[in-house]
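Commentary on secondary and tertiary structure
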Amino acid sequence: MSEETWLAARLIPTSGINGAEEQERRATSALLAVMSAVREFGRALTQSLGAPAGSVQTFIEVPFKLGNQQLFPDGLIRVTRGQRQWTALVEVKTGSNALKTEQLEAYLDIAREQGFDALITISNEIAPVPGQHPTAIDRRKLRKVALYHLPWTEILTQAVIQKEYRGVADPDQAWILGELIRYLEHPRSGALEFSDMGPAWVQVRDGVSAGTLRASDSGAADVVGRFDALIRYACLRLGRQLGTDVTPALSRRDLSDPAARTQALVNQLCTTGTLTGSIRIPGAVGPLQVVADLRAGQIACHVDVDAPRTGRPTTRVNWLIRQLRDAPETVRIEAFAMHARGGGATDLLRQVRTEPTTLIIDPTRELRAFRVAQSTAAGTKRGSGRGAFIDSVLQAIDDFYEQIIQNLKPWMPAPPRLRTPEDVAPVQPVAASLVSTAISSQDSPEFDTPTARDSNSGVGSQLEESSEPG
């Protein structure tokens, strides 16, 4: 028998998973055990939750009494540093199972009675805005206990980044972390990818196409929230490939008031038929902007690039074209001039390559910025797979980053050069009669300035006059 058919032994096997309860129990135990075994990974997950840098202890199905009830949270994490202890309860859901408000509020009451610091929830649900929880909770229960949510996708991303990019000091611990990654990537683990735009997707999509969608429609807010979650999932997915923290580009106002942001996006969807998002990638020339036009059936990605501050307009256009040598010729470029209102000249890359002047409307005006954009067809299905909206957005983001953004660098002025004696030359001829030949005090210490000589001689003559007898 060929060894190619042999199955390698796994520390965390996916075989024998029978039902959602067994799936949740195995995922919880595997995650918490690896958090306590791999110090760097446990620190990476708990640091953002307010835990100190210390030793991590983990437990599963710890019993607690709440009134007359006996409750069993899925897990408990305790981080100890010196005399300080940080403790959090853990509630886990896998597959399509959603978190329940009543269950979470009961666990918050337990944490408050026990003096614990936080409740951590883990599921495949992704909150539209980082820091926001996908489940509605009574805010009064969060006065003394913090509530955090970790999507399985974010946990998998942190595990990959820690193992492949940041590194694990102990080789055995690195192997253990790799086993957790293999388990979470398996379809039977219950750690699913983002795969559904929600039950209101078809209704909202058709309403946008017909122009009948209203801001008061309940499905509009759900679709907007799902699209925000999709952008955040795309960030985690891209960050897993790049080995860095890729995040949605949100303003402080958006983070402080997610409800107002959601309402603004709903109004935008009803008036223009578009869904928009922005992705911040460390080291990139600018945020990656995503616009999903449901009326036109297009996904457009673009990035704005500052033009060089020196050189003629044609020189600035050629500077950008050189960086897009491997980009598709269907990429659209728009040039913005200084102190110009509205949009600028725009054309496809294949035309700009042969005739850069197509982006120059007025040669006397300097170009201040370029917009590089690429459009692809949008899917229509609410799920994942061929012809699905989710896959078309993810593919558009990946292609735009790979073909364009990762090849763009911001303009930097050339450093000043040291002058040599050969470089020094008079700006214009000077008449010989105007060239000063007077000796300076800088020529030799033995020469005094004329002023000093005059003043000294004046003092001496006065002394001589005063010494003569009257």
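Report follows, based on the coordinates.

Conventions we followed
Residues numbered from 1 in each chain as written. Predicted model: local features only at pLDDT ≥ 70, side-chain atom pairs only at ≥ 80, totals over all residues. Heavy atoms only, no water. Pairing = 2+ DSSP bridges. Helix = DSSP H or I, 4+ residues; strand = E, 2+ residues; numbered from the N terminus. Axes fitted to C-alpha atoms, helices over the stretch in contact; angles between N-to-C directions. Contact = heavy atoms within 4.5 Å. Parallel < 35°, antiparallel > 145°, perpendicular 65-115°, else oblique. Left-handed = near helix turned anticlockwise from the far one by under 90°. Phe/Tyr/Trp six-rings, centres within 6.5 Å; stacked < 30°, edge-to-face > 60°. Salt bridge = Lys/Arg side-chain N within 4 Å of Asp/Glu carboxyl O. Buried < 20%, exposed > 50% of the residue type's maximum accessible area, 1.4 Å probe, protein only. Expected span 1.5 Å × (residues − 1). Polar contact = N/O pair within 3.5 Å; in protein donor to acceptor, adjacent residues only side chain to side chain.

Turning to the sheet that holds strand β1 (residues 55–60), a few remarks are in order. With mixed pairing, 5 strands are arranged side by side in an open sheet as β1-β4-β5-β6-β7. If you trace the sheet from one side to the other, it starts and ends with β1 and β7 (146–151), each paired once. When the angles between neighbouring strand axes are averaged without regard to direction, this sheet yields 25°. With 5 bridges connecting them, strand β5 (residues 84–92) and strand β6 (residues 118–123) associate as parallel partners. Each residue of the ladder has a partner; that of E91, found in β6, is T121. Against the sheet, helix α1 (residues 19–37) contacts β1, β4 (75–81), β5 and β6, and its axis sits at roughly 165° relative to β1.

Turning our eyes to something else, we now look at the packing of α1 against helix α5 (residues 171–185). Running from amino to carboxyl end, α1 crosses α5 at an angle of 155°, the nearest separation of the two axes being 10 Å. The orientation of α1 relative to α5 falls into the category roughly antiparallel. Like other packed secondary-structure pairs, α1 and α5 cross with a definite hand, here left-handed. Seen from α1, the contacting residues are Q23, R26, A27, A30, L31, V34 and A37; seen from α5, they are Q173, I176, L177, L180 and Y183.

Our next topic: the packing of aromatic side chains. Counting across every chain of the model gives 4 aromatic pairs. Pairing W201 with F389 gives two aromatic rings, centres 4.7 Å apart and planes at 35°, and the pair type is tilted. One end of the pair, W201, is in helix α6 (residues 201–210); the other, F389, is in helix α12 (residues 389–403), and 188 residues separate them in sequence. Ring pairing ties together the aromatic residues W201, F227 and F389, which thus form one cluster.

With the rule as written, the count across this model stands at 22 salt bridges. Its salt-bridge partner being E22, residue R25 comes within 3.6 Å of it at the nearest N-O pair. Of this pair, R25 and E22 both sit in helix α1, separated by 3 residues, roughly a single helical turn. Residues R25 and E61 are paired through a salt bridge, measuring 3.1 Å at the closest nitrogen-oxygen approach. Of this pair, R25 sits in helix α1 while E61 sits in the loop between β1 and β2 (64–66); the two residues are 36 residues apart in sequence, bridging distant segments of the chain. Residue class for R25 comes out partly exposed when judged on its relative accessible area of 32%. What makes E61 partly exposed here is its relative accessible area of 36%. Put simply, E21, E22, R25, R26 and E61 are held in one network by salt bridges that share partners.

Within the open sheet, the 7 strands sit side by side as β8-β9-β10-β11-β14-β12-β13. Their pairing is antiparallel. Every other strand in the sheet has two partners, leaving β8 (247–248) and β13 (345–348) as the edge strands with one partner each. Pairing geometry for strand β12 (residues 332–337) and β13, over 4 bridges, is antiparallel. Each bridged residue has a counterpart across the sheet, and for E334 the counterpart in β13 is T346. In the packing of helix α7 (residues 218–242) onto the sheet, the strands contacted are β8, β9 (274–280) and β10 (288–293), and the crossing angle to β9 comes to about 25°. Helix α9 (residues 258–272) contacts β9 and β10 of the sheet and is inclined by roughly 130° relative to β9.

This part takes up α12. Between its first and last C-alpha, α12 extends 21 Å over 15 residues, near the 21 Å set by a 1.5 Å rise per residue. In the core, the buried residues of α12 are packed alongside α6, α7, β9, β10, β11 (298–306) and β14 (367–377).

Before going further, it helps to spend a moment on the side chain of T46. Counting through the fold element by element, T46 comes out in helix α2 (residues 39–47). On the basis of relative accessible area, T46 is assigned to the buried category, the value being 1%. A polar contact of 2.8 Å, which involves the side chain of T46, links it to the backbone oxygen of G42.

One turn of the α-helix equals 3.6 residues, which is why residues spaced by three or four share an orientation. The end-to-end C-alpha distance of α9 is 21 Å, a good match for the 21 Å that 15 residues give at a rise of 1.5 Å each. Against the buried residues of α9 lie α6, α7, α8 (252–256) and β9. Of the residues flanking the end of α9, it is G273, one or two places downstream, whose phi is positive at about 75°.

Considering the arrangement of structural elements, one finds T157 in helix α4 (residues 152–166). Given the relative accessible area of 3%, T157 is considered buried. A polar contact of 2.8 Å, which involves the side chain of T157, links it to the backbone oxygen of T153. With residues near it in sequence (within four places) discarded, T157 still touches L236, G239 and R240.

Any link to function would need more than the numbers given here.
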